[in-house]
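# Inside the fold
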Amino acid sequence: MSSDDKHSTEHVSTEQVSLDEEKADITHIDLANNVQARIQNPLRGIPREKLLKQVERFAQEKGLEDKVDLFKRAAVLAQNPNDFESQRDLTEEEKEHIRRETTHRWHQSKSMYMTIVICSIAAAVQGWDQTGSNGANLSFPQVFNLTSESGNPRAEINQWIVGIINSGPYIGSSIIGCWLTDPLNYFLGRRGTLFWCGIFCTFSVIGSAFAQTWPQLFVCRLLLGLGMGPKATTSPVFAAENVPANIRGGLVMSWQMWTAFGIFLGFCANLALEGTGSIAWRLELGSAFLPAVPLVIGIYLCPESPRWYMKKNRYHDAFKSFSRLRNSEIQAARDMYYVHCQLVEEFAVLKGTTYASRFFDLFTVPRIRRATLASFVVMIAQQMCGINIIAFYSSTIFVEAGYTAKQALLASWGYGLVNFVFAFPAVWTIDTFGRRNLLLFTFPNMAWTLLAAGFCFFIPGSNSAKVPLIALFVFLFAAFYSPGEGPVPFTYSAEVFPLTHREMGMSWAVATCLFWAAVLSITFPRLLGAFGPTGAFGFYAGLNVAALIMIFFLLPETKQRTLEELDYVFAVPTRKHASYQLTTFLPYWVQRYVLFRKVELKPLYHFDEVVSYTTPEKGAGH
């Protein structure tokens, strides 16, 4: 264990004793097994005098004596967030800042938005990296003698090789890249990790453009995974840790929205470069370095994650970071002290001291195991829904439908535009309608649109309606995907793990997503050859239904809860959550929306004076 970790552990243990003494009369909630489904403010019930003494100790131990009065006001505010108007210690200016959190929730600091901009650029790099191969698939197999036309004795082998080349970044990410996230974040921080990713995403794609053999191209694609994996893992966490809870979903989902924009830009590049002749595929692969350059340059213009600083016991730096990310010092101090008090309890239960122990904790500590399961479900569902058969192979699919190469690229461009435009509704709905509800609404619609697109391949080629109908249903599929399974997985996975295991947990989640993306990428050319377009689309339509069932039973809602409050949500046993969905929520839904009866829903979660910027509605547990 490093000296930093030892120092941090000493402080945590000291404060745990004092907190336990002062909270002995408060109902304790087990963060490992929250059977009562209570979500509790860690400051709840502490008498004012004891709370202020606790703040004084905190300021002294963390070297923040000059801010002790500010933190006292902030602690009282954090303890009673909904009664700030009656708190006499707060100035009128401070109260106005608190009011505006509700009335002007999108009015945030420049530094906070700079964080989102940088994370959005990182996402655009991810999207562009994915689509370079989409257009290149139309020509590089011919260059490397990997064609699979009818009568070619090596057709089946070549289909597997093309799939493996396309899957290179996802193999590299899931096997190595994602698992580098924990040590990279430990030593370099969130910003340093993203700088590392920008470097690999710049030079590996340039190397792909100069490849002379398919093994060389495959190696360059593998190296791209060393940048894509930690980037996809760190960027959503970086955003989640820096933004306020009431708009966290809308901003953290910018990862998916700008990934969609990167996909669209990649299709634009493919379309623009289509007429460049024999080097088109090289330019389509190499053009992805363009958005990586501003990522490398701009990453240090935004503040480091304050929660990462607190994990390193660098509280001075954490307060400076929080102050840059919030509109006032009182908000910075309130959020920092609230996070600190929850971390004291979190560290006491969920230590995760070594790389190996943090990994095994993902499957052995009940609270973390439930987050691991939920993130697995939402991430594998992104591959089960079939979106990446379109993202990776849309040009190939449209050629199968009867398009020319240029028409296929144009149709793919249209798909990319729909994918980007329809991500915008989720900015407003992900924090109101909720992550879980977005998925439950969109998955059935993705299933029928994908099935319809598959059946359209039965239309005779002589019928002029065939190709437009296939394109229509593919576009509708993308329109349903973009506000649901598009933004939710990375937003959700970035917020469900405790700080002690956030890097490791996100590594697991993204590795899950990208591993199955690799499986999809490897198998789809052969699946298309064996089943035909209709069979392939029908197969993924069925997987949409399976994913819907998994989400209904295994995915808790996380909207508008702070990252620390989610400790209590995921301490609720999975069996209790699944039983509630089957025996309480499902009968309610049938009564309310099928039989149109006025019935009330008994909520799963019970909120005890938690920091929240909205009043928890009935049934917030769905």
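Residues numbered from 1 in each chain as written. Predicted model: local features only at pLDDT ≥ 70, side-chain atom pairs only at ≥ 80, totals over all residues. Heavy atoms only, no water.

Counted only if it meets this: UniProt positions are given in the numbering used here, feature names are shortened, and annotations may be inferred rather than shown by experiment.
The protein is annotated in an unreviewed UniProt entry as Major facilitator superfamily (MFS) profile domain-containing protein from Gymnopilus junonius. Heading Sequence similarities (unreviewed entry) of the UniProt record for the protein holds this comment: "Belongs to the major facilitator superfamily. Sugar transporter (TC 2.A.1.1) family." The UniProt entry for the protein carries the following text under Subcellular location (unreviewed entry): "Membrane".

## A look at the overall build of the protein
Worth spelling out the cut-off: The helix and strand labels rest on DSSP assignments: H or I over at least four residues marks a helix, E over at least two residues marks a strand, and numbering proceeds from the N terminus. Partly exposed residues are those whose accessible area sits between 20% and 50% of the maximum for their type, while under 20% is buried and over 50% is exposed, using a 1.4 Å probe and protein chains only. By the convention used here, residues are in contact when the closest approach between their heavy atoms is within 4.5 Å. The method behind every accessible area is Shrake-Rupley, applied with a 1.4 Å probe, and residues are considered shielded solely by the protein chains displayed.
The helix and strand tally for the protein stands at 27 helices and two strands. Residues classed as buried in the protein amount to 62% of the 622 residues present. Here the analysis covers contacts within the protein between residues at least 6 apart in sequence; of these, 80% occur between residues at least 24 apart. Carbon and sulfur atoms form 64% of the exposed surface of the protein, whose accessible area is close to 23100 Å².

## A short note on the nonpolar core
Put simply, the rule reads: Residues belong to a common nonpolar core when they are buried Ala, Val, Leu, Ile, Met, Phe, Trp, Tyr or Cys residues joined through side-chain atoms within 4.5 Å.
With 132 residues, the main nonpolar core has Phe140 and Phe524 as its most contacted residues. Take this core: its biggest share by element is 22 residues, from helix 25 (residues 502–554). Among residues more than four places away in sequence, those in contact with Phe140 are Leu146, Val162, Ile165, Asn166, Leu217 and Trp281. Formed by 37 residues, the second largest nonpolar core is a distinct cluster that contains Ala75, Phe84, Met310 and Phe322.

## Looking at the packing of aromatic side chains
Put simply, the rule is: Each pair of aromatic rings taken from Phe, Tyr and Trp, with Trp reduced to its six-membered ring, is defined by centres within 6.5 Å and is described as stacked if the planes are under 30 degrees apart, edge-to-face if over 60, and tilted in the remaining cases.
According to the stated counting rule, one finds 36 aromatic pairs in the structure shown. When the ring of Trp196 is compared with that of Phe200, the centres are 4.8 Å apart and the planes differ by 35 degrees; the resulting orientation is tilted. Placement of the pair is Trp196 and Phe200 together in helix 8 (residues 181–209), with a separation of four residues, close to one helical turn. Judged by relative accessible area, which is 27%, Trp196 ranks as partly exposed.

## As for a nonpolar patch on the surface
What counts, and what does not: For patch building, the residue pool is restricted to those with more than 30% relative accessible area and no salt bridge; the joining distance is 9 Å between like charges and 5 Å between nonpolar side chains (Val, Leu, Ile, Met, Phe, Trp, Tyr). What makes a salt bridge here is a side-chain nitrogen of Lys or Arg within 4 Å of a carboxyl oxygen of Asp or Glu, nothing more.
On the surface, Leu582, Leu586, Trp589, Val590, Tyr593, Val594 and Leu595 cluster together into a nonpolar patch covering about 600 Å² of accessible area. For Trp589, a relative accessible area of 40% corresponds to the partly exposed category.

## Structural notes on the pattern of salt bridges
For the structure shown, the criterion picks out 19 salt bridges. Linking Arg99 and Glu92 is a salt bridge whose minimum nitrogen-to-oxygen distance equals 2.9 Å. A salt bridge links Arg99 to Glu96, with the nearest nitrogen and oxygen atoms 2.9 Å apart. One end of the pair, Arg99, and the other, Glu96, are both in helix 4 (residues 92–103), three residues apart, so they sit about a helical turn from each other. Exposure remark for Arg99: the relative accessible area of 22% places this residue in the partly exposed category. Classification of Glu96 by relative accessible area gives partly exposed; the value is 34%. Each of Arg190, Glu241, Lys311, Arg502 and Glu503 takes part in salt bridges that share partners, so that together they form one network.

## Notes on the confidence of the model for the protein
Convention followed: Known as pLDDT, the predictor's per-residue confidence is scaled from 0 to 100.
On average, residues of the protein score 84 in pLDDT, and 88% of them reach the 70 mark or higher. Here residues 34–38 scores under 50 on pLDDT; set against residues more than four positions off or in separate chains, the count is 18 contacts. Long-range and interchain partners of residues 609–622, a stretch whose pLDDT sits below 50, account for 46 contacts in this model, where long-range means more than four residues apart.

## Let's talk about helix 17 (residues 355–364)
A turn of α-helix holds 3.6 residues, and therefore any two residues three or four places apart point the same way. Worth spelling out the cut-off: Working definition: the arc comes from the directions between the helix axis and the C-beta atoms, pointing outward to the latter.
Residues of helix 17 that are buried include every one of Arg358, Asp361 and Leu362, and no others. Down the axis of helix 17, the sector holding all buried residues measures 110 degrees, keeping them to one side. Looking at the packing, one finds that the buried side of helix 17 touches helix 8, helix 18 (366–384) and helix 25.

## Re the environment of Phe363
Here Phe363 shows up in helix 17. Along the chain, Phe363 and Leu373 lie 10 residues apart, while their C-alpha atoms are 8.7 Å from each other.

## Remarks on unusual backbone geometry
The backbone of Asn145 sits at a positive phi, close to 55 degrees, despite the residue not being glycine. Position of Asn145 relative to the elements: it lies in the loop between helix 6 (140–143) and helix 7 (155–177). Phi at Asn313 takes a positive value of approximately 65 degrees, unusual for a residue other than glycine. With respect to the element layout, Asn313 can be found in the loop between helix 14 (306–311) and helix 15 (315–325). Look at Asn313 and you get buried, because its relative accessible area is 15%.

## A short note on the packing of helix 18 against helix 24 (residues 488–496)
Rules: Angles shown run from 0 to 180 degrees and are taken between the N-to-C directions of axes, each axis being a line fitted to C-alpha atoms and, for helices, limited to the stretch in contact. Any angle that falls under 35 degrees is termed roughly parallel, while one over 145 is termed roughly antiparallel, one within 65 to 115 roughly perpendicular, and all others oblique. Throughout this entry, Asp, Glu, Lys and Arg are counted as charged residues, while Ala, Val, Leu, Ile, Met, Phe, Trp, Tyr, Cys and Pro are counted as nonpolar. The remaining residues, Gly among them, count as polar.
Contact pair helix 18 / helix 24: the axes reach a minimum separation of 9 Å and the direction vectors enclose 170 degrees. It follows that helix 18 is roughly antiparallel to helix 24 by the angle criterion. For the pair helix 18 and helix 24, contact is made by Arg367, Ala371, Ala374, Ser375, Val378, Met379 and Gln382 and by Val488, Pro489, Phe490, Tyr492, Ser493 and Val496, respectively. In the contact of helix 18 with helix 24, the residues fall into nine nonpolar, three polar and one charged.

## Focus: the side chain of Gln159
For Gln159, the position within the fold is in helix 7. We classify Gln159 as buried; its relative accessible area is 12%.

## Examining the state of the cysteines
For clarity, the cut-off: The disulfide criterion used throughout: a pair of cysteine sulfur atoms within 2.5 Å.
Within this structure, the stated rule accounts for zero disulfides. The thiol of Cys119 is unpaired, and the distance to the nearest cysteine sulfur, on Cys302, comes to 6.8 Å.

## Some remarks on the packing of helix 9 (residues 214–242) against helix 25
Applied cut-off: When the near helix sits turned anticlockwise from the far one by under a right angle, the crossing is termed left-handed; a clockwise turn instead gives a right-handed crossing.
In the contact formed by helix 9 and helix 25, the axes pass within 9 Å of each other and the chain directions differ by 130 degrees. In terms of their interaxial angle, helix 9 and helix 25 are classed as oblique. For helix 9 against helix 25, the interelement crossing comes out right-handed. Contacts between helix 9 and helix 25 involve Gly229, Ala232, Thr233, Pro236, Val237 and Glu241 from the first element and Arg502, Glu503, Met506, Ser507, Val510 and Leu514 from the second. Its residues placed into classes, the contact of helix 9 with helix 25 shows six nonpolar, three polar and three charged.

## Here's the deal with helix 25
The condition that has to hold: The length a helix should cover is 1.5 Å for every residue beyond the first. A residue's bend is the angle separating two fitted axes: one through the seven residues that end there, the other through the seven that start there.
Spanning 53 residues, helix 25 covers only 20 Å between terminal C-alpha atoms, well under the ideal 78 Å at 1.5 Å per step. Considering bend angle alone, the principal kink of helix 25 is centred on Gly532 and spans about 110 degrees; proline Pro533 follows within four residues of it.

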